[in-house]
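Observations on the model geometry
Okay, here's what each chain looks like letter by letter:
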Amino acid sequence: IVNATGVVIAPESLTVVAGSPFAFAATAYDAQATPMTGIPLVYTMLDPSFGSLTSRGAGSGTLTQLRGLARVRVELPTGVASDTGWLTILPRPSALALVSGGTQTASVGGTLAQSVAVRLTATDGLSLAGAAISAAITTGGGVVTPLGTVTDSVGGFQFNWQLGALVGVQTATVTSPGVTPLVIT
């Protein structure tokens with residue numbers, strides 16, 4: 001430990017989805033910048049609301065469901081040198097919810113008067129923008145015309161719906177990777 005004068009964390013930054021595990025490694029160096037083995041290192045999660053480390057001697061841990069930026073610091077036991085790694089925590093999709101346009105009625109083959117609007121939220125309860133999303137007819141025939149293929153800046157998605165030839169209840173399903181599909185009547 002006496003000969004170690006520096007430490008470098010790797011990678012310098014990681015992008016990880018909320019709730020997932022992460023891992024950093026680090027190397028201690030001597031004054032000539034030669035890597036050293038067997039040097040114990042001490043890791044600290046500088047932003048504990050975003051996650052926790054497996055142990056102070058390991059650069060690995062698990063994130064909470066929060067999105068944002070978090071830091072993991074590694075240092076020599078002497079405190080002489082340290083380095084910091086950054087975690088960019090992306091939100092994890094959680095749920096689709098109907099905002100408006102459900103349970104409308106129209107004539108067979110007619111187009112619903114109002115677009116159907118849904119919202120995608122993440123595990124932290126906030127909207128999830130830029131996520132892949134789609135709508136398709138489930139029963140009754142007809143056509144849905146999405147007004148995009150990703151959620152907007154507030155996690156929203158809309159589509160127009162022309163009913164099919166079936167008399168009675170018709171359904172469309174909205175899907176986005178990682179969440180339970182939403183069936184709309």
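Everything below is about the structure shown above.
For clarity, every value in this text was computed on a predicted model and none was experimentally measured. (Residues numbered from 1 in each chain as written. Predicted model: local features only at pLDDT ≥ 70, side-chain atom pairs only at ≥ 80, totals over all residues. Heavy atoms only, no water.)

1. Things to note about the environment of Gly142
Mapped onto the elements, Gly142 comes out in strand β14 (residues 142–146). Separated by 24 residues in the primary sequence, Gly142 and Leu166 place their C-alpha atoms 8.8 Å from one another. Setting aside residues up to four positions removed in sequence, Gly142 forms contacts with Ile137, Gln162, Leu163 and Gly164. (Helix = DSSP H or I, 4+ residues; strand = E, 2+ residues; numbered from the N terminus. Contact = heavy atoms within 4.5 Å.)

2. Quick word on the packing of aromatic side chains
By the definition in use, this model includes three aromatic pairs. Relative to Phe159, the ring of Phe157 has its centre 6.2 Å away and its plane inclined at 40 degrees; by these criteria the two rings are tilted. Residues Phe159 and Trp161 carry aromatic rings whose centres are separated by 6.3 Å and whose planes lie at 45 degrees to one another, so their mutual orientation is tilted. Each member of the pair, Phe159 as well as Trp161, is classed as buried. Through a chain of ring-to-ring contacts, the aromatic side chains of Phe157, Phe159 and Trp161 assemble into a single cluster. (Phe/Tyr/Trp six-rings, centres within 6.5 Å; stacked < 30°, edge-to-face > 60°. Buried < 20%, exposed > 50% of the residue type's maximum accessible area, 1.4 Å probe, protein only.)

3. So, the sheet that holds strand β1 (residues 4–10)
Pairing is antiparallel in the open sheet, where three strands are placed in the order β1-β4-β5. Of all strands in the sheet, those bounded by a partner on one side alone are β1 and β5 (35–36). Inspection of the sheet shows strand β4 (residues 25–30) paired to β5 by two bridges, in the antiparallel sense. Bridged to Ala28 within β5 is Met36. (Pairing = 2+ DSSP bridges.)

4. Overview of unusual backbone geometry
The residue after Ala10, namely Pro11, is reached through a cis peptide bond having omega -10 degrees. Looking at the secondary structure, you find Pro11 in the loop between β1 and β2 (13–17). Despite not being glycine, Thr103 shows a phi value in the positive range, around 55 degrees. Relative to the elements of secondary structure, Thr103 occurs in the loop between β11 (93–100) and β12 (116–122).

5. Describing the pairing of strand β9 (residues 68–75)
Pairing of strand β6 (residues 42–45) with β9 involves four bridges; the strand directions are antiparallel. Bridging from a neighbouring strand, Met45 pairs with Val72 of β9. Bridge analysis of β9 against strand β10 (residues 82–90) gives eight bridges, and the strand direction is antiparallel. Bridge pairing in β10 links Glu75 to Ser82. Counting the residues in the hairpin turn of β9 and β10 gives six residues, including Gly79, whose phi is positive at 80 degrees.

6. As for the side chain of Ser176
Here Ser176 shows up in the loop between β16 (171–175) and β17 (182–184). Residue class for Ser176 comes out buried when judged on its relative accessible area of 6%.

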